[in-house]
Amino acid sequence: MWEQCTIKGLTAREVWDLTYTYPSTSLYPYLLHIQSNIMSLCEDCIKGVKHEGTPEGKWETIAGIESYVGTPSGEYQKDKVLLFLCDVFGPQLPNAQLLVDGFAKNGFKTVAPDLFEKDGLPFDVFDSEEKRQAFDLPTWFGRHGPHVARPLLDKVITALREQGVTTFASTGYCYGGRLVFDLAFENITSASIASHPSLLKSPDDLEKYFSTSRAPLLLNTCTTDEQFPIPSQSQADLIFGEGKFAPGYRREYFDGCTHGFAVRGDLSIPQVKAGKEGAFKAAVEWLYKYGFGPEGKASK
């Protein structure tokens, strides 16, 4: 995935950094083309099942960005916000909305910005392999890679700060896991949760997190994950585990689950349902542990 590319021997990681840092260069279209092919998403990134339920949150416009917002019905810490960073389907996916609602019910003001500006993947790719094959994912990624999404996210964060928010946590799924790491690299967030993250380079991004971030890190991982496979999970444990990462580290492992389980898993399969619910419970407990909710409160 991160093999050598052809621009004067640059690694794919360096292509990524150049594209992200210098969007105005004459090489930008070429860099973007290479990035969109190397930083590829896997087939499991666009598979899934639409979950049943009635969303209870509201759509709000924050700094011009449509955002699905879950607000606790009772008392909560109004100077703290959980940023919910979606997979490639965006916050229009009911599954994401129901998770946002779940976090709000546990006492966290939760904001899921639409970083794809109503151009997330269509839900009908869930229906068949034929539809998944027909969708032009590299072109979509070129329009909506993290180099495009991150400035939109920064606008939302700035606007929330102007409203009095002082502390952020982030929870990201698949694509959103990449943004969780990027925010933590800059210490914008005070707690991180990444569930089956995509687009990470291991061990480079793990080592960068260790050396630059002060945000405690929770990883929700699984058995079958092309984006964050078991060797990468083991590298994370080696780098962060056994108390080596002072801010805090925990990795949950959900046996029998596949990339996407925490947000798009088939809940008719008991093992997947347990994994999805377990990942949510671990996230809530992590947020409580690091000051985002009442101590000792059990997750709902």
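Above this text you will find the structure in question.
Residues numbered from 1 in each chain as written. Predicted model: local features only at pLDDT ≥ 70, side-chain atom pairs only at ≥ 80, totals over all residues. Heavy atoms only, no water.

Q: Is there a simple way to explain the packing of helix 6 (residues 146–162) against helix 7 (residues 175–185) in this structure?
A: Packed helix pairs are specified by the crossing angle of their axes together with the interaxial distance, meaning the distance between the axes. Helix 7 packs onto helix 6 with a crossing angle of 60° between their chain directions and a minimal axis gap of 11 Å. Relative to helix 7, helix 6 is oriented oblique. The interaxial crossing formed by helix 6 with helix 7 has right-handed handedness. For the pair helix 6 and helix 7, the contacting residues are Pro 146, Ala 149, Arg 150, Leu 153 and Ile 157 in the first and Tyr 175, Arg 178, Leu 179, Asp 182 and Leu 183 in the second. (Axes fitted to C-alpha atoms, helices over the stretch in contact; angles between N-to-C directions. Helix = DSSP H or I, 4+ residues; strand = E, 2+ residues; numbered from the N terminus. Parallel < 35°, antiparallel > 145°, perpendicular 65-115°, else oblique. Left-handed = near helix turned anticlockwise from the far one by under 90°. Contact = heavy atoms within 4.5 Å.)

Q: Just checking my understanding: could you explain the pairing of strand 8 (residues 249–258) for this structure?
A: Remark: a regular strand shows side chains that alternate across the two faces of the sheet. As defined by bridge partners, strand 7 (residues 217–224) adjoins strand 8 across seven bridges and the pair is classed as parallel. If you follow Leu 219 over to strand 8, its bridge partner there is Arg 251. For the crossover that starts at strand 7, traverses helix 9 (residues 230–240) and ends in the parallel strand 8, the hand is right-handed. (Pairing = 2+ DSSP bridges. Right-handed = clockwise from strand over helix to strand, strands pointing away.)

Q: Just to check I follow, could you spell out the pairing of strand 2 (residues 65–70) for this structure?
A: The buried fraction of strand 2 amounts to five of the six residues, a majority that puts the element mostly inside the structure. Note that strand 1 (residues 58–62) and strand 2 share five bridges and pair antiparallel. Across the sheet, the residue bridging to Trp 59 is Tyr 68, located in strand 2. Remark: two residues form the turn of the hairpin made by strand 1 and strand 2, two consecutive strands paired antiparallel; Ala 63 in that turn has positive phi of roughly 55°. Examined bridge by bridge, strand 2 and strand 4 (residues 110–113) share four bridges and lie antiparallel to one another. Bridged to Tyr 68 within strand 4 is Ala 112. (Buried < 20%, exposed > 50% of the residue type's maximum accessible area, 1.4 Å probe, protein only.)

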